[in-house]
Amino acid sequence: MKIAFIGDIVGRPGRKIIKQHLENIRREFKIDAVIANAENASHGFGLTVKNCQELLNSGIDIITGGNHSFDKKGEMFILLDTKPVLRPDNYPKGLPGSGCKIFEINGEKLAVINLMGQFAMPTVENPFNWAISLVDELEKQEVKNIFVDFHGEATSEKRVIFTMLKGRVSGVCGTHTHVGTDDLQVVDGTAYLTDIGLTGCRDNIIGMDSKIPIEKATTGIGGHFSIPSNCKTILQVMVIDIKDGKAVDCFKLKKYCNKPDIIKTEAIFD
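The following paragraphs examine the structure supplied in this document. Everything numeric in this text was worked out from a predicted model, so none of it was measured. (Residues numbered from 1 in each chain as written. Predicted model: local features only at pLDDT ≥ 70, side-chain atom pairs only at ≥ 80, totals over all residues. Heavy atoms only, no water.)

**Thoughts on the overall build of the protein chain**
Scanning the protein chain from N- to C-terminus turns up six helices and 14 strands. The C-alpha atoms of the protein chain give a radius of gyration of 17 Å, which matches the 18 Å a tight globule of 270 residues would have. With the C-alpha coordinates aligned to their principal axes, the bounding extent of the protein chain is approximately 50 × 45 × 35 Å. Of the accessible surface of the protein chain, which amounts to about 11600 Å², a share of 50% is contributed by carbon and sulfur atoms. Across the protein chain, the centroid of the 33 positively charged side chains sits 5 Å from that of the 34 negatively charged ones. (Helix = DSSP H or I, 4+ residues; strand = E, 2+ residues; numbered from the N terminus. Rg over C-alpha atoms; globule rule 2.2 N^0.38 Å. Areas by Shrake-Rupley, 256 points an atom, 1.4 Å probe, with all protein chains shown as cover. Lys, Arg positive; Asp, Glu negative; His and termini not counted. Charge placed at Lys NZ, Arg CZ, Asp CG, Glu CD.)

Below, the structure is given as C-alpha cells:
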C-alpha cells in the first residue's frame, strides 16, 4: 500500500494547485490513497461542504483537521457525518465526529489517526496517552497499517509522539505550523516528518497575505487575515510505501507552481 499525505491546505491557492497536479502525481508515483489536512482550506479558516467536495474530486480520499476544524461549525458537523472527514480525536468528549477511522484500501485496512497537541492549542485531552490507547485498540483489531497526523505547535510534542509510537505505526507526520521541516526519516518501520509544511501561497506569511500579520507584529493590533488572490504556490506531499504495517520507502515531493519539475527528497533510514 502506498499512501500520500498533504498538510495544511490554505485557501483557494492550495485547492487550485492540488486540482492542477495531484492526479498526475497519483499516477506517476502509483499512490493508492491520499490523506490531507484541510482545516485551512476555506478562506484559511475551517472547511466548507463545497470546498471539501472540491478536494475529494481532485484526488484526496481522507481529510484530517486541527484547531480550525470547527471554525465553520455547522458545515463541519455535516461533513463529519457524511464524508471521510476526521477531526482531532482528543477533542473533549461530546463533539460529533471522530479522529480515528479505518478505511479499506485495495483490500487492506488503513487506520488514520488525527490528534492535536497541547502547547498553544485549544483544550484537548492528553494526546500522548490518547494515542497509546488508540493504537492498543487497533492492534487488538489486527490493523497493521496506521498513519498519524499530529496537529501541533511544538516540535518537541511531535518528536514525543513519534518516539512513543515508532515501531507500532506506519507513519507520523506533523501539521499546523505551515513550515516544512528537513527531518524526513524512517525508524523501526515508522516514517516520520515533524511538519509537512503548507500547500498554498509560499511567498507571503504562512499562506496568508502579509499586511495584517506585519501590522500585528509591529503594532500589537490585529485584523482579518486574508488569502492573497495572486501568489506563488507550492504543493508538498509525503509518500509512504507500506508493507505489512511497516514503512519500506518514504519520500517527500515538492511541486512549485512556476517550476516544471517535481523535487523529490528521500527519507533517511536510521
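The discussion continues.
**Comments concerning the layout of surface pockets**
Estimated volume of the largest pocket: approximately 330 Å³. Per element, the largest residue contribution to the lining of the largest pocket is seven residues, and it comes from helix 1 (residues 11-28). There is about 260 Å³ of room inside the second largest pocket. In this structure, the second largest pocket is lined by 17 residues; those nearest its centre are Asn-67, His-68, His-176, His-178 and Ile-206. Counted by class, the lining of the second largest pocket contains seven nonpolar, seven polar and three charged residues. (1 Å grid on protein atoms, 1.4 Å probe; cavity = no way out; pocket = protein on both sides within 12 Å on 5 of 7 lines; lining within 4 Å. Points joined across faces, edges and corners; volume = space filled by probe spheres on them. Nonpolar A, V, L, I, M, F, W, Y, C, P; charged D, E, K, R; others polar.)

**Some remarks on unusual backbone geometry**
Positive phi, close to 55°, is recorded for Lys-30, a residue that is not glycine. On the secondary structure map, Lys-30 appears in the loop between helix 1 and strand 2 (33-37). Of note, His-176 is a non-glycine position whose phi angle comes to about 110°, a positive value. Relative to the elements of secondary structure, His-176 occurs in the loop between strand 7 (171-175) and strand 8 (185-187). For His-176, a relative accessible area of 13% gives the class buried. (Buried < 20%, exposed > 50% of the residue type's maximum accessible area, 1.4 Å probe, protein only.)

**Section: the sheet that holds strand 6 (residues 145-151)**
The seven strands lie next to each other as 4-5-6-7-9-8-14, forming an open sheet whose pairing is mixed. Where the open sheet ends on each side, the last strands, each with one partner, are strand 4 (100-105) and strand 14 (268-269). With six bridges joining them, strand 4 and strand 5 (residues 108-116) adopt antiparallel strand pairing. Along strand 5, the bridge assignment pairs Lys-101 with Val-112. Helix-sheet contacts for helix 4 (residues 127-140) involve strand 4, strand 5 and strand 6, and the interaxial angle to strand 5 is about 170°. Packing against the sheet, helix 5 (residues 155-165) makes contact with strand 6, strand 7, strand 8 and strand 9 (190-193), and its axis sits at approximately 175° to strand 9. (Pairing = 2+ DSSP bridges. Contact = heavy atoms within 4.5 Å. Axes fitted to C-alpha atoms, helices over the stretch in contact; angles between N-to-C directions.)

**A few points about the packing of aromatic side chains**
Counted by the stated rule, this structure contains six aromatic pairs. Residues Phe-128 and Phe-150 carry aromatic rings whose centres are separated by 6.2 Å and whose planes lie at 25° to one another, so their mutual orientation is stacked. With a gap of 22 residues between them, Phe-128 in helix 4 and Phe-150 in strand 6 connect regions that are remote in the sequence. Comparing Phe-128 with Phe-150 shows no difference in burial state: the two are buried. Ring centres of Phe-162 and Tyr-192 lie 4.3 Å apart, and the angle between their planes is 20°; this geometry places the pair in the stacked category. On the criterion of sequence distance, the pair formed by Phe-162 in helix 5 and Tyr-192 in strand 9 is long-range, its members being 30 residues apart. With respect to class, Phe-162 is no different from Tyr-192; both count as buried. (Phe/Tyr/Trp six-rings, centres within 6.5 Å; stacked < 30°, edge-to-face > 60°.)

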